Structures are given as structure tokens and as C-alpha cells.
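# Summary of the model geometry
Below, each chain spelled out in residue letters.
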Amino acid sequence: MDKITMVHRDSLSCEAIVRKLEDGSLFLISQCGGNSEPAPENREYVFRSADGEKWSAPELLQKDNGRAMYATDVDVDKNKITVWLTEHNGRFLDADCYALVSTDGVSWQRREIPHFGNSFTFIRGTIPAGKDRLAAYQHYPVTQEENASLNKSGKTILDSALPAVQCGTLLFSPDGTYKKSNDLLLPNEFGGKRVWQWPEPTLARLKEGYVMLLRVNGAGVLYRSDSADGLHWCRPYPTDIPNPNNKPKLLNLKGGAIALINTPNGKVGFRYRNPLEIWISDDDMRSWRYKKRVLDFPGWLSYPDGFADGERIVFAFEVNRHDVYVADCDISDFYRS
């Protein structure tokens with residue numbers, strides 16, 4: 001049986017991410033507050049649950065310092081929880097990007113992003129890679145001069161003249177060292193028109209190597225890149241997977257299968273972010289022999305993100321950028337078919 005549980009309603013809710021902790025409890029974070037995104041009132045809140053049905057009241061991830069905040073990934077590695085964050089002035093300018101690390105989900109220590117420092121960089125989709133951890137990045141190398149100019153004119157990062165966003169991966173080793181991949185350049189345009197790209201890369205392990213899916217605004221489909229080692233990626237190419245400019249999520253399942261949580265609609269725009277479906281492939285994403293419709297509510301079903309737990313997939317999403325929900329979906333029929 002599938003269950004969908006409401007967690008929270010706010011003036012704005014964006015990019016809810018849920019993870020299972022080592023003690024079996026659920027840890028969910030979501031950007032809330034303000035009436036739009038980005039906005040100076042945006043904050044990151046934590047919600048907790050022992051059973052996935054009853055959720056705690058929202059609590060700030062860390063003490064409010066008056067700056068907007070946005071979380072892009074949560075990585076749980078045994079008892080180590082890492083939340084990747086972007087702090088900004090409410091317009092994605094004056095960005096300070098870093099991680100908070102905890103062993104109890106309550107007290108946190110700051111950790112810097114390697115290579116990029118605190119420049120405008122989102123870390124996404126962390127997965128295990130043998131003894132290491134592999135994470136995707138999307139990096140916006142806006143100069144200090146342009147940042148200052150945009151601030152002076154009251155504009156946002158979306159008004160930047162930056163020609164392209166850089167995507168790739170960082171491979172973190174247990175000893176604290178890391179390796180960086182080649183950069184994949186996604187132009188901030190599509191079809192000859194200026195379009196700001198939010199690629200939101202998601203990763204999965206293949207039987208041999210790794211795969212990355214990317215959101216490309218304006219395309220109506222997801223793009224894909226492949227790598228033999230997680231560090232050398234081919235040029236992104238279009239897939240036949242419909243997407244309306246919405247974040248996708250890949251999950252590795254037991255037995256080598258790969259699940260995709262997506263809104264497979266080829267029409268572009270917020271109002272086409274439905275239906276919400278789970279697709280599963282057992283041939284390295286060459287085909288999808290299992291498709292499950294989770295929700296077809298005629299609204300904006302945005303930014304699904306969660307985890308696989310045996311024969312279930314648990315993920316958070318938001319409806320109409322106000323309401324945070326958690327879906328707990330049974331996929332046991334995939335293994336029986």
C-alpha cells in the first residue's frame with residue numbers, strides 16, 4: 001500500500017528532502033518562508049518523524065542570521081549527516097555556500113566546499129562510490145564585479161550575463177581528500193532564447209560506471225551524461241524522458257535496478273509539473289519496464305527527493321510551492337514481475 005502524508009504548509013515551501021537516519025527515524029528539511037524564491041525571508045526548517053506519519057513542528061536548521069538560506073542536498077553516511085547549503089542576500093547574490101555536518105541531527109559543524117570555496121555552488125545527489133562518496137555540483141562563476149553591479153541595481157542572479165552553468169562531480173575520500181571531474185557546460189539559453197539553467201543533476205551507479213540526469217530548461221526532456229569512473233563525463237545529450245523544467249531524482253535499488261522519480265510531462269512550465277511517477281529500469285536506463293503513477297493532482301508537484309528502503313521508495317515533494325508531503329510507495333510488484 002502507498003501512503004502520502006502532509007508534513008507542513010507555509011507561505012512558500014521549496015525543495016523538501018527526506019532521509020532515513022541510522023536510528024530509523026526520518027529527517028526532512030525544506031526551504032520555507034517568504035512569498036517567493038529567492039526572497040530575503042527564505043529559511044531552512046527541519047522536520048522529524050519516528051514513523052513517517054506524525055511529524056514534528058518546524059525548527060530552524062541553525063540560528064537565524066537574517067540571511068536567506070537554501071539546502072540542495074542531504075547525505076547520510078552511517079551516523080554522519082551532511083547538509084549542503086547556500087546562504088544569500090535574498091537574490092542569490094553575496095552567496096556563501098558550505099556544508100553543515102552532524103552526528104545527531106541537532107548540533108552542527110560548518111565544513112567548506114572543496115575547490116569552489118564559498119562561491120555560488122550547489123552540491124547535489126550524493127551517492128556511495130565504493131568507499132568514497134560521489135556528489136554532483138552546479139557552479140555559477142559570477143565575478144565579484146558583476147555580483148556588485150547586480151546588487152547595486154537591485155537585480156537577482158537570474159539577471160547575470162553568465163553564459164553557462166558548470167556541472168560535474170566531486171569524489172570525496174574518507175581521508176578528507178577529493179577529486180574533481182571535468183566541467184560540463186550548460187548554456188544559459190535554449191532554442192536561441194536566453195534561459196537561466198538550474199540543472200539539478202542527479203546521480204546513480206550503473207552496472208559499470210555512473211549516470212547523471214540533468215534538467216535543461218526549455219527542452220521538455222531530461223538530458224543525460226555517462227561516466228566510467230564518476231570523474232570523466234561525456235557531453236550531455238537529450239533523452240526521451242519528458243520533463244517540464246522540474247527536478248528529477250535517481251535512486252539505486254537492490255538487485256542493481258535504478259528508479260527515477262519524475263513528472264514526465266513534455267510541456268514546459270510550472271503548471272505542467274504533473275503527474276508524479278516512479279519509473280524503474282533494470283537495464284541501465286535503456287528502457288523502463290515498470291512505471292507507477294504516485295499522484296496526478298492537477299497542480300505543481302515539484303522537486304521530489306528521497307531514498308530507497310528495501311521494496312519501498314520514500315520521498316518528499318511539494319504541492320503548489322506551499323505544501324510539503326512525504327510519499328511512501330510500495331514497489332514490491334516490480335520485483336515480482
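About the cut-offs
Residues numbered from 1 in each chain as written. Predicted model: local features only at pLDDT ≥ 70, side-chain atom pairs only at ≥ 80, totals over all residues. Heavy atoms only, no water. 1 Å grid on protein atoms, 1.4 Å probe; cavity = no way out; pocket = protein on both sides within 12 Å on 5 of 7 lines; lining within 4 Å. Points joined across faces, edges and corners; volume = space filled by probe spheres on them. Helix = DSSP H or I, 4+ residues; strand = E, 2+ residues; numbered from the N terminus. Nonpolar A, V, L, I, M, F, W, Y, C, P; charged D, E, K, R; others polar. Pairing = 2+ DSSP bridges. Axes fitted to C-alpha atoms, helices over the stretch in contact; angles between N-to-C directions. Buried < 20%, exposed > 50% of the residue type's maximum accessible area, 1.4 Å probe, protein only. Phe/Tyr/Trp six-rings, centres within 6.5 Å; stacked < 30°, edge-to-face > 60°. Lys NZ or Arg CZ within 6 Å of the ring centre and 35° of its normal. Core = buried A, V, L, I, M, F, W, Y, C linked by side-chain atoms within 4.5 Å. Contact = heavy atoms within 4.5 Å. Salt bridge = Lys/Arg side-chain N within 4 Å of Asp/Glu carboxyl O.

### Some remarks on the layout of surface pockets
Volume-wise, the largest pocket comes out at about 520 Å³. Contributing to the lining of the largest pocket are 25 residues, with Thr 126, Pro 128, Leu 251, Phe 307 and Ala 308 lying nearest its centre. Those elements giving two or more residues to the lining of the largest pocket turn out to be β2 (13–20), β6 (68–77), β10 (121–129), β17 (202–205), β21 (249–252) and β25 (301–309). Counting residues per element, the lining of the largest pocket draws most heavily on β6, at 5 residues. Looking at the lining of the largest pocket residue by residue, the classes come out as 10 nonpolar, 5 polar and 10 charged.

### Here's the deal with the sheet that holds strand β18 (residues 210–215)
Pairing is antiparallel in the open sheet, where 4 strands are placed in the order β17-β18-β19-β20. In the strand order of this sheet, the two ends are held by β17 and β20 (237–242), each with one partner. Across the sheet, the mean angle from the axis of one strand to that of its neighbour is 35 degrees, orientation sign disregarded. Sheet topology places β17 next to β18; 4 bridges connect them, and they run antiparallel. Each bridged residue has a counterpart across the sheet, and for Leu 203 the counterpart in β18 is Met 212.

### Topic: the sheet that holds strand β8 (residues 96–102)
Pairing within the open sheet is antiparallel, and its 4 strands lie in the order β6-β7-β8-β9. Edge positions in the sheet fall to β6 and β9 (109–112), since each of these pairs with one other strand and no more. The mean angle between the axes of side-by-side strands here comes to 30 degrees, regardless of whether they run parallel or antiparallel. Of the pairings in the sheet, the one linking β6 to strand β7 (residues 80–88) comprises 9 bridges and is antiparallel in character. What sits directly across from Val 76, in β7, is Ile 81.

### Quick notes on the environment of Lys 193
By secondary structure assignment, the location of Lys 193 is in strand β16 (residues 193–194). Looking at Lys 193, the relative accessible area reads 61%, which means it is exposed. Measuring from C-alpha to C-alpha, the distance between Lys 193 and Gly 218 comes to 9.2 Å, with 25 residues separating the pair along the chain.

### Structural notes on the packing of aromatic side chains
In total, this model carries 21 aromatic pairs according to the counting rule given. Through a chain of ring-to-ring contacts, three or more aromatic side chains come together here, namely Tyr 70, Phe 92, Phe 120, Phe 122, Tyr 140, Trp 196 and Trp 198. The aromatic ring of Phe 172 is capped on one face by Arg 111, whose charged end is 5.6 Å from the ring centroid.

### Looking at the nonpolar core
Among the nonpolar cores identified, the biggest contains 38 residues, and Phe 120 and Trp 198 are the most heavily contacted of them. Of all the secondary structure elements, the ones that give two or more residues to this core are β8, β10, β11 (132–139), β12 (164–172), β14 (184–187) and β18. Looking at which element gives the most residues to this core, the answer is β12, with 5 residues. Not counting residues within four places of it along the chain, the set of residues in contact with Trp 198 comprises Phe 92, Phe 120, Phe 122, Gln 138, Tyr 140, Ile 157, Leu 158, Arg 215 and Asn 217. With 19 residues, the next largest nonpolar core counts Ile 280, Tyr 290, Leu 301 and Cys 329 among its residues.

### Some words on the pairing of strand β22 (residues 258–262)
Judged by how many residues are buried, β22 sits mostly within the fold: 5 of 5 residues are covered. In β22, alternate side chains face the same way, and those of Ile 258, Leu 260 and Asn 262 on one face and Ala 259 and Ile 261 on the other are all buried. As paired strands, β21 and β22 are joined by 4 bridges and run antiparallel to one another. When the sheet's bridge partners are listed, Lys 249 is paired in β22 with Ile 261. Here β21 hands over to β22 after 5 residues, with Gly 255 in that stretch at a positive phi of 85 degrees. Strand direction decides the pairing type here: β22 and strand β23 (residues 276–281), joined by 5 bridges, are antiparallel. Residue pairing in the sheet places Leu 260 in a bridge with Trp 279 of β23.

### A short note on the pattern of salt bridges
Counted according to the given criterion, the structure contains 26 salt bridges. The salt bridge partner of Lys 292 is Asp 2, with a shortest N-O separation of 3.1 Å. Of this pair, Lys 292 sits in strand β24 (residues 290–295) while Asp 2 is found in the segment before β1 (3–9), placing the two residues 290 residues apart along the sequence. A relative accessible area of 15% places Lys 292 in the buried class. Residue classification places Asp 2 among the partly exposed positions, given a relative accessible area of 33%. Residue Asp 309 is joined to Lys 20 by a salt bridge in which the shortest nitrogen-to-oxygen separation is 3.0 Å. One end of the pair, Asp 309, is in strand β25; the other, Lys 20, is in strand β2, with 289 residues separating them in the sequence. Among the charged side chains, a network of salt bridges with common partners joins Glu 15, Arg 19, Asp 73, Arg 124, Lys 247, Lys 249 and Asp 305.

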